[in-house]
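In case you want the letters, here they are:
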Amino acid sequence: MMRALYGGQAVNEALALAMEMDERVFLAGEGVGVSIHHNPMGPTHGLLDRFGPRRVRDTPVSEAAIAGLGVGAATLGLLPVVEIMFFPFITLASDMLVNHAAKLRYLSGGKTPVPLTVRVKAGLGFQAGCQHSHNLEAWFAHIPGLKLVSGSNPADMKGLLLSAIFDPDPVVVVEDLALYRAKGDTPAGDFRVPLGKAAVVREGTDATVAAYGRAVQVALQAAEALGDADGLSIEVLDLRSLVPLDRSAVLESVGRTGRFVVVHDATRFCGYGAEVTAMVAEEAFQDLKAPVRRVAAPDAPVPFSPSQERFYQPGARDVISAIRSLL
Amino acid sequence: MELPTKEQRLRILRSMILVRAFEDRITAIVQGGDRVPGIQILATGQEAAVAAVHALGEQDVLVSNHRSHAHILARGADPRTLMAEIMGKATGVNGGRSGTLHLIVPAVRALMTSTVVGAGPPMAVGAAFAQQYRNEGTITAVFFGDGAAAEGSVHEAMNLAAVWKLPILFVCENNRWAGAQSVQVHCPGGEIVPRAASYGMSSEAVDGNDADAVYLATARLAAPARQGNGPSLLELMTYRMHGHSEADGQLYVDPQELEEWAGRDPIQRYVARLLDEGICLPPEIEAFRETAAATVNESVAFAENSPDPLPEAALEHVWSWSSSPGASSGGGG
């Protein structure tokens, strides 16, 4: 059964389902129970009332301890879902994720899996400035042992999160705050999107645009505009899973279109797009009719002023000019 | 609180003697050549800490730090596979991926060892949370040093453990050195234990070179955790007789101080006490030493005769799928 849900509700439904299905699942973070924000569409709204304070744990303001809690509990067989309130705050938790969550399976020779899920609220466009808005996914994509996903619509946000929670590896789930308020058809029940599978969200033949998170909407807007204005047929690939990356989906699409653009809200230099474009250049060079292109935020912190933030955030116009430059 | 039984005390003594023999052998090998790869970090002089491990229950969880051999041997891990791991061999308890620094022996509930100083306590909080969540009645003991106590993560862990009344025992081995910094230099007052008051935790600082005192304090402080009354902090006042690692020449250490602490050697003191109290006789002590030497000989032989791991096995166990060849291409799976 499909219903239209907001992204925040879809996340909420995934969390509630996971807790219903499996006693090992618990939530922890700052404000996952009682929040300063009353938002009935929010991702953890109502879960404290429903599941109680044993399983929905508001923590002190202690990101290292929140992440350590998750790592330690996961090594003893629980399925923790911890929340980092804003992506830049993950720097305070990064030792736990980089040196421990990612490495304990390896160090133990496979004896100590870390089935941890870290939900991170991310994105820009809400005038919070650069210490609340800073998309750091490339840091975590760079860490062997971590998985990383970022849904672009309520259905995928739900399905990826459920897969992450029951995955044996640590998964960082990037939730774009803008998408909490975006509505989309969402399957009811235990709906899962497999990790490592991209989705073709618009078919096309002239160029491939790969994106994830909010940027998928930007890519779709650009594809539509180019179809109308230039008569171009643009394929849009929603990567969904950044690690593992669905390499064959990217290469297969580029094989058909011969042109490749990647789009993300994070900054450009050493951003996630650098890896994807390098892969295309290395492995699909013979298919390319033009250079690969990246559309990303400029290499500066996220500005505060609304006019500056609009300038800074990649938009459909940027994607359109990138694609036109390939033709 | 009563003294440990005769059997317990003899077990503690055997354990201390084994740890010393095991680590002395590593020192000898390092000094004699290069048969042990990497950094060797030993607990020489701090062996009475094994009494804290022996005061734990079989199902309790241990989280250790870079100076871990004593804890893990006392927990009952196989010295042969530990030595093989320390030498980077395929038969090592972690297949050679860990070496001495990150030993993980789930079979004896040695859940993890972190060499990131101060990283153990937050994860121990997670382990203790799991124990509380499942109402196990078990506890987690996490060992860290006076140096680690300067890390913010240790504060976060203690605070969270205290507000959630988690079943955890924080064991600070104050060996008076953090790298080349004396505890008097890096820590106001030189003691960690006063901090417990600010978390509302029970705490004790004891002579960390007195195995009976360590055992008793551990048992006392573990009790509230077991009863659901939250964490405690135990500080073992001891001394790091070797450098930070075996590569450290201790040029910054006052030789007179080293000599003073050599006079408080935890093994000599325990032997003297147990003999004095008639708990055992000199031939038994001699037998303990011979058994330990034989175990260490056997462990070194086992390690030296073990094959190196296959180079390509370095790519296994990164992710749950990564025994497949695709692992080498990173996120490609």
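Definitions and cut-offs
Residues numbered from 1 in each chain as written. Chains lettered and ligands numbered in written order. Predicted model: local features only at pLDDT ≥ 70, side-chain atom pairs only at ≥ 80, totals over all residues. Helix = DSSP H or I, 4+ residues; strand = E, 2+ residues; numbered from the N terminus. Rg over C-alpha atoms; globule rule 2.2 N^0.38 Å. Buried ≥ 20, exposed ≤ 12 C-beta atoms within 10 Å, placed from the backbone. Contact = placed C-beta atoms within 7 Å. Pairing = 2+ DSSP bridges. Axes fitted to C-alpha atoms, helices over the stretch in contact; angles between N-to-C directions. Parallel < 35°, antiparallel > 145°, perpendicular 65-115°, else oblique. Left-handed = near helix turned anticlockwise from the far one by under 90°. Nonpolar A, V, L, I, M, F, W, Y, C, P; charged D, E, K, R; others polar. Core = buried A, V, L, I, M, F, W, Y, C linked by C-beta atoms within 7 Å. Domains from an automatic or database assignment. Expected span 1.5 Å × (residues − 1).

## Description of the overall build of chain A
A tally of regular secondary structure across chain A gives 13 helices and 14 strands. Whereas a compact globule of 327 residues would reach a radius of gyration of roughly 20 Å, chain A reaches 19 Å, a difference of no more than 12%. In terms of overall dimensions, chain A has C-alpha extents of about 60 × 45 × 40 Å along its principal axes. Taken over 327 residues, chain A has a buried fraction of 60%.

## Observations regarding the overall build of chain B
For chain B, the count of helices and strands is 11 helices and eight strands. In terms of overall dimensions, chain B is globule-like: its C-alpha atoms have a radius of gyration of 20 Å, near the 20 Å expected for 333 residues. For chain B, the C-alpha atoms occupy an extent of roughly 55 × 50 × 40 Å along the three principal directions. Residue burial in chain B is summarised as follows: out of 333 residues, 54% are buried. Sequence-distant contacts in chain B: of pairs separated by 6 or more residues, those separated by 24 or more amount to 72%.

## Topic: the sheet that holds strand β3 (residues 56-58) of chain A
Residue and element names in this part refer to chain A. Taken in spatial order, the seven strands of this open sheet run β3-β2-β4-β5-β7-β6-β12, and their pairing is mixed. Each edge of the open sheet is held by one strand with a lone partner, namely β3 and β12 (241-243). Ignoring which end each strand starts from, the neighbouring axes of this sheet average 20° apart. Of the strands in this sheet, β2 (25-29), β4 (79-84) and β5 (117-122) are in contact with helix α3 (residues 63-75), which crosses β4 at around 165°.

## As for the interface of chain A and chain B
In this assembly, 41 residues from chain A lie in contact with 36 residues from chain B. When contributions to the side of chain A that touches chain B are tallied by element, the ones reaching two or more residues are α3, α4 (94-101), α5 (104-107) and β12 of chain A. Take the side of chain A that touches chain B: its biggest share by element is nine residues, from α3(A).

## Here we look at the packing of helix α1 (residues 6-32) of chain B against helix α11 (residues 282-304) of chain B
Describing two packed helices takes the angle between their axes plus the distance from one axis to the other. Residues and elements named next belong to chain B. Their axes nearest at 9 Å, the elements α1 and α11 cross at an angle of 45°. On the basis of the axis angle, α1 is oblique to α11. As α1 runs across α11, the sense of the crossing is right-handed. Of α11, the residues touching α1 (which contributes Leu13, Arg14, Ile17, Leu18, Ala21, Phe22 and Arg25) are Phe288, Arg289, Ala292, Ala293, Thr295, Val296 and Val300. Class assignment for the residues of the contact of α1 with α11 results in 10 nonpolar, one polar and three charged.

## Some thoughts on the nonpolar core
Membership of the largest hydrophobic core comes to 208 residues, with the highest contact counts inside it found for Val209(A), Ala211(A), Ala219(A), Val319(A), Val125(B) and Ile168(B). Looking at which element gives the most residues to this core, the answer is α1(B), with nine residues. For this core, the domains that each give at least three residues are domain 1 (2-187) and domain 2 (199-324) of chain A. When near neighbours in sequence (up to four residues on either side) are disregarded, Ile168(B) contacts Ala124(B), Val125(B), Ala128(B), Ile139(B), Thr140(B), Val142(B), Ala161(B), Ala225(B) and Pro231(B).

## Details of helix α9 (residues 215-230) of chain A
Residue and element names in this part refer to chain A. Its 16 residues give α9 an end-to-end C-alpha distance of 21 Å, which sits within 8% of 22 Å, the value for a rise of 1.5 Å per residue. For α9, the complete set of buried residues consists of Ala215, Val216, Gln217, Val218, Ala219, Leu220, Ala222, Ala223 and Leu226. The elements touched by buried residues of α9 are β9 (199-202), β10 (207-211), β11 (234-238), β13 (260-267) and α13 (316-324). One or two steps after α9, the chain reaches Gly231, where phi turns positive at roughly 70°.

## What to know about the domain arrangement of chain A
All names here are of chain A. When cut into domains, chain A gives domain 1 (2-187) and domain 2 (199-324). One C-alpha centre belongs to domain 1, the other to domain 2, and the line joining them spans 26 Å. Listed by partner, the interface residues are 25 residues for domain 1 and 23 residues for domain 2. Going through the elements one at a time, α6 (137-141), β6 (147-150), α7 (154-165), β7 (171-176) and α8 (177-180) are the ones with two or more residues in the side of domain 1 that touches domain 2. Here the side of domain 1 that touches domain 2 gets four residues from one element, more than from any other, and that element is β6. Split by residue class, the side of domain 1 that touches domain 2 holds 11 nonpolar, 10 polar and four charged.

## Focus: α3(A)
Residues and elements named next belong to chain A. Here α3 is 13 residues long and its end C-alpha atoms lie 18 Å apart, about the 18 Å a rise of 1.5 Å per residue gives. Of all 13 residues that make up α3, 13 are buried, and the element is covered over most of its length. Just past α3, the residue Gly77 takes up positive phi, approximately 100°.

## Thoughts on the pairing of β4(A)
Residue and element names in this part refer to chain A. Where burial is concerned, most of β4 is hidden: six out of the six residues are buried. Going residue by residue along β4, you find Leu79, Val81 and Glu83 tucked away on one face and Pro80, Val82 and Ile84 tucked away on the opposite face as well. Relative to β4, β2 runs parallel, the two being bridged by five bridges. Across the sheet, Ala28 pairs through a bridge with Val82, a residue of β4. The pairing of β4 with β5 spans four bridges and is classified as parallel. Counted as the bridge partner of Glu83 is Arg119 from β5.

## A closer look at the environment of Ser202(B)
Residue and element names in this part refer to chain B. Here Ser202 shows up in strand β7 (residues 202-207). Its 19 C-beta neighbours within 10 Å are what place Ser202 among the partly exposed residues. The spacing of Ser202 and Pro231 is 29 residues in sequence and 7.4 Å in space, taken between C-alpha atoms. Look past the residues within four positions of Ser202 in its chain and what remains in contact with it is Leu221, Pro224 and Ser232.

## Thoughts on the environment of Ile279(B)
All names here are of chain B. Residue position: Ile279 is located in the loop between α10 (266-276) and α11. Given 17 C-beta atoms within a 10 Å radius, Ile279 is considered partly exposed. Counting along the chain gives 272 residues from Ile279 to Glu7, while the straight-line C-alpha distance between them is 9.1 Å. When near neighbours in sequence (up to four residues on either side) are disregarded, Ile279 contacts Lys6, Arg9, Leu10 and Leu274.

## A closer look at the sheet that holds strand β3 (residues 140-145) of chain B
By way of backbone hydrogen bonds, the strands of a sheet pair with one another, either parallel or antiparallel. All names here are of chain B. Strand order in this open sheet of six strands is β2-β1-β3-β4-β8-β7, and the pairing throughout is parallel. With one partner strand each, in any of the chains shown, β2 (110-114) and β7 form the two edges of the open sheet. Across the sheet, the axes of successive neighbouring strands diverge by a mean angle of 15°, strand direction being ignored. Of the strand pairs in this sheet, strand β1 (residues 61-65) and β3 are connected by three bridges, and their pairing is parallel. Each bridged residue has a counterpart across the sheet, and for Val61 the counterpart in β3 is Thr140. The sheet contacts of helix α5 (residues 120-133) involve β1, β2, β3 and β4 (168-174), and relative to β3 the element is tilted by about 175°. Where helix α8 (residues 211-226) meets the sheet, it contacts β4, β7 and β8 (232-237), and its direction lies at approximately 175° from that of β7.

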